[in-house]
Amino acid sequence: MTNIAAVSPKHPIALITGASAGIGLEFAKRLAERHYDLILTARRRDRLDELATRLRAEHGGIRVEVIVADLADPAAPEAIAAEVRRLEIDVDLLVNNAGFGTHGRFETLPPERERGEIAVNVAALVALTHAFLPGMLERGHGGVINVASTAAFQPVPYMAVYAATKAFVRSFSEALHEEVSVRGVRVLALCPGPTATEFFDTNVAAPRGPIRTVRDVVTSGLRAYDAGAPVVIDGLSNQVLIAFANLIPRRWATRIAGKIMHPGKATDAGEPLQR
Ligand SMILES: NC(=O)c1ccc[n+]([C@@H]2O[C@H](COP(=O)([O-])OP(=O)(O)OC[C@H]3O[C@@H](n4cnc5c(N)ncnc54)[C@H](OP(=O)(O)O)[C@@H]3O)[C@@H](O)[C@H]2O)c1
């Protein structure tokens, strides 16, 4: 049995969900630059293996483990935790990043897809936090970065379930931050707006307005995490939009979001793209 802590005692260890693409992949690169050992998880093994090989080569001395899991499966978080226990790894930083969004008239979206969205975006995030937070509290250090969204700040018609999952993530993270920060553990809700990733390759409407890079988003996240903040909105334009939405009555903000997100003819057909 291998004990990462014994192999490289000075390296903190991060577990990143959704590390095969987008924001999660960027977290993996940036944490490797910070000399973290990494546990990468997602469904696409080929991508995770390729990334692990690259990071080991580029950052000699770091250790990278791959755990393949489908977080829509309710048993997946415990399976990940069991594998981490088997490897005798203490996770110092949990990045709950995996997630996806559905777009369209609620009644046209496949119910199993919506259930999967809640399972990945919410249930798995809570279960993984449950699995790894107690160890951090025992050791008196460490933290959790939960990737929420600017959609966490108001209801979003035609992405009703997605926005509700992200409102959950934000509220959960802020509350937990208050519970554990006095005991040396950080919890951050990272709220990106539209960001150039594969997110929009699934069945999400193409973004309008300024689009941020994964580098921008992860820079904001790590800066806020270092500062011990409970929540951060990535980018000035997103911060201004949220400030505006907070100034006007919530019903107006919801109506404006509904006009922007209206699915039009493509999704009215009820055939969202599937990965
Ligand atoms: N891009 C944006 O505009 C934006 C804005 C706000 C918030 N966010 C949030 O940012 C996070 C990362 O998204 P992204 O933009 O980087 O999208 P992405 O490029 O599509 O990456 C999503 C990641 O989540 C993983 N994932 C999806 N479903 C999964 C499942 N059932 N089980 C395990 N892993 C799963 C994917 O891996 P596999 O497919 O290999 O499993 C992939 O690594 C999400 O929580 C998203 O809601 C994104």
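Residues numbered from 1 in each chain as written. Predicted model: local features only at pLDDT ≥ 70, side-chain atom pairs only at ≥ 80, totals over all residues. Heavy atoms only, no water.

With that settled, consider the nonpolar core. Ranked by size, the top nonpolar core spans 33 residues in total, and within it Ile16, Phe27, Leu31, Leu38, Leu40 and Ile145 carry the most contacts. Setting aside residues no more than four positions away along its own chain, Ile145 makes contact with Phe27, Leu93, Leu94, Val95, Asn96, Leu188, Leu190, Leu222 and Tyr225. Counting 27 residues, the second largest nonpolar core, distinct from the first, contains Leu71, Ala76, Ile89 and Leu94. (Core = buried A, V, L, I, M, F, W, Y, C linked by side-chain atoms within 4.5 Å. Buried < 20%, exposed > 50% of the residue type's maximum accessible area, 1.4 Å probe, protein only. Contact = heavy atoms within 4.5 Å.)

Quick look at the site of the ligand now. Looking at the ligand, there are 31 residues lining it, with Ser20, Arg43, Asn97, Tyr162 and Thr197 nearest. Thr195 has a polar backbone atom sitting 2.8 Å from an oxygen atom of the ligand. The separation between an oxygen atom of the ligand and a polar main-chain atom of Glu198 is 3.1 Å. About the coverage of the ligand: the protein hides 98% of its 870 Å² of free accessible area. (Near = heavy atom within 4 Å. Polar contact = N/O pair within 3.5 Å; in protein donor to acceptor, adjacent residues only side chain to side chain. Areas by Shrake-Rupley, 256 points an atom, 1.4 Å probe, with all protein chains shown as cover.)

Once that is clear, we can look at a nonpolar patch on the surface. A cluster of nonpolar side chains, Phe244, Trp252, Ile256 and Ile260, forms an exposed patch at the surface whose accessible area comes to about 430 Å². No other element matches the 3 residues that helix 9 (residues 250-261) contributes to the nonpolar patch. With respect to the secondary-structure elements, Ile256 resides in helix 9. (Patch = residues over 30% accessible without salt bridge, like charges linked within 9 Å, V, L, I, M, F, W, Y side chains within 5 Å. Salt bridge = Lys/Arg side-chain N within 4 Å of Asp/Glu carboxyl O. Helix = DSSP H or I, 4+ residues; strand = E, 2+ residues; numbered from the N terminus.)

With that settled, the discussion passes to the packing of aromatic side chains. Scanning the model with the defined rule gives 3 aromatic pairs in all. Measuring from ring centre to ring centre gives 5.9 Å for Phe168 and Phe172, while their planes differ by 25°; the resulting arrangement is stacked. Residue Phe168 and its partner Phe172 are both found in helix 6 (residues 160-180); the two are separated by 4 residues, about one turn of the helix. Given a relative accessible area of 35%, Phe168 falls into the partly exposed group. The structure contains a cluster of three or more aromatic residues connected by ring pairs, namely Tyr162, Phe199 and Phe200. The aromatic ring of Tyr225 is capped on one face by Arg186, whose charged end is 5.8 Å from the ring centroid. (Phe/Tyr/Trp six-rings, centres within 6.5 Å; stacked < 30°, edge-to-face > 60°. Lys NZ or Arg CZ within 6 Å of the ring centre and 35° of its normal.)

On to the side chain of His59. Among the structural elements, His59 can be located in the loop between helix 3 (45-58) and strand 3 (64-68). According to the relative accessible area criterion, His59 is buried, its value standing at 16%. Not counting the four nearest positions on each side in its chain, His59 is found in contact with Lys29, Ala32 and Glu33.

Taking 1.5 Å per residue, 12 residues should reach 16 Å; helix 8 (residues 236-247) reaches 16 Å between its end C-alpha atoms and fits that length. The complete set of buried residues in helix 8 reads Asn238, Ile242 and Ala245. Seen end-on, helix 8 carries its buried residues on one side only, within an arc spanning 60°. Opposite its buried face, helix 8 presents the exposed residues Leu236, Val240 and Leu247, each directed more than 90 degrees away. (Expected span 1.5 Å × (residues − 1). Arc of directions from axis to C-beta.)

Here we take up the sheet that holds strand 1 (residues 13-17). Here 7 strands make up an open sheet; going across it, the order is 3-2-1-4-5-6-7 and the pairing parallel. The two strands at the open ends of the sheet, each matched to only one other strand, are strand 3 and strand 7 (231-233). Shown here is a sheet whose adjacent strand axes are inclined to one another by a mean of 15°, direction ignored. Relative to strand 3, strand 2 (residues 37-42) is paired through 5 bridges, and the arrangement is parallel. Each bridged residue has a counterpart across the sheet, and for Ile39 the counterpart in strand 3 is Glu65. This element, helix 5 (residues 111-139), spans strand 1, strand 4 (93-96), strand 5 (142-147) and strand 6 (185-191) of the sheet and lies at about 170° to strand 4. Across the sheet, helix 6 lies against strand 5, strand 6 and strand 7, angled at about 155° from strand 6, the strand it touches most. (Pairing = 2+ DSSP bridges. Axes fitted to C-alpha atoms, helices over the stretch in contact; angles between N-to-C directions.)

All right, on to the confidence of the model for the protein chain then. Caution is warranted with low-pLDDT regions, since their predicted coordinates should not be read in detail. On average, residues of the protein chain carry a pLDDT of 92, and 92% of them reach 70 or more. Within the model, the stretch residues 1-8 combines pLDDT values under 50 with 17 contacts to residues more than four positions away or in other chains. Segment residues 266-275: pLDDT under 50, and 19 contacts once partners within four positions in sequence are set aside and those in other chains are kept. (pLDDT = per-residue confidence, 0-100.)

A separate point is the pattern of salt bridges. The final tally for this structure, using the stated rule, is 12 salt bridges. For the salt bridge of Glu26 with Arg30, the shortest nitrogen-to-oxygen distance reads 3.2 Å. Placement of the pair is Glu26 and Arg30 together in helix 2 (residues 22-33), with a separation of 4 residues, close to one helical turn. Residue Glu26 shares its accessibility class with Arg30, and that shared class is buried. Arg139 is paired through a salt bridge with Asp90; the nearest N and O atoms lie 3.6 Å apart. Linking Arg139 in helix 5 with Asp90 in the loop between helix 4 (76-86) and strand 4, this pair joins segments that are 49 residues apart in sequence. The partly exposed category is assigned to Asp90, whose relative accessible area is 39%.

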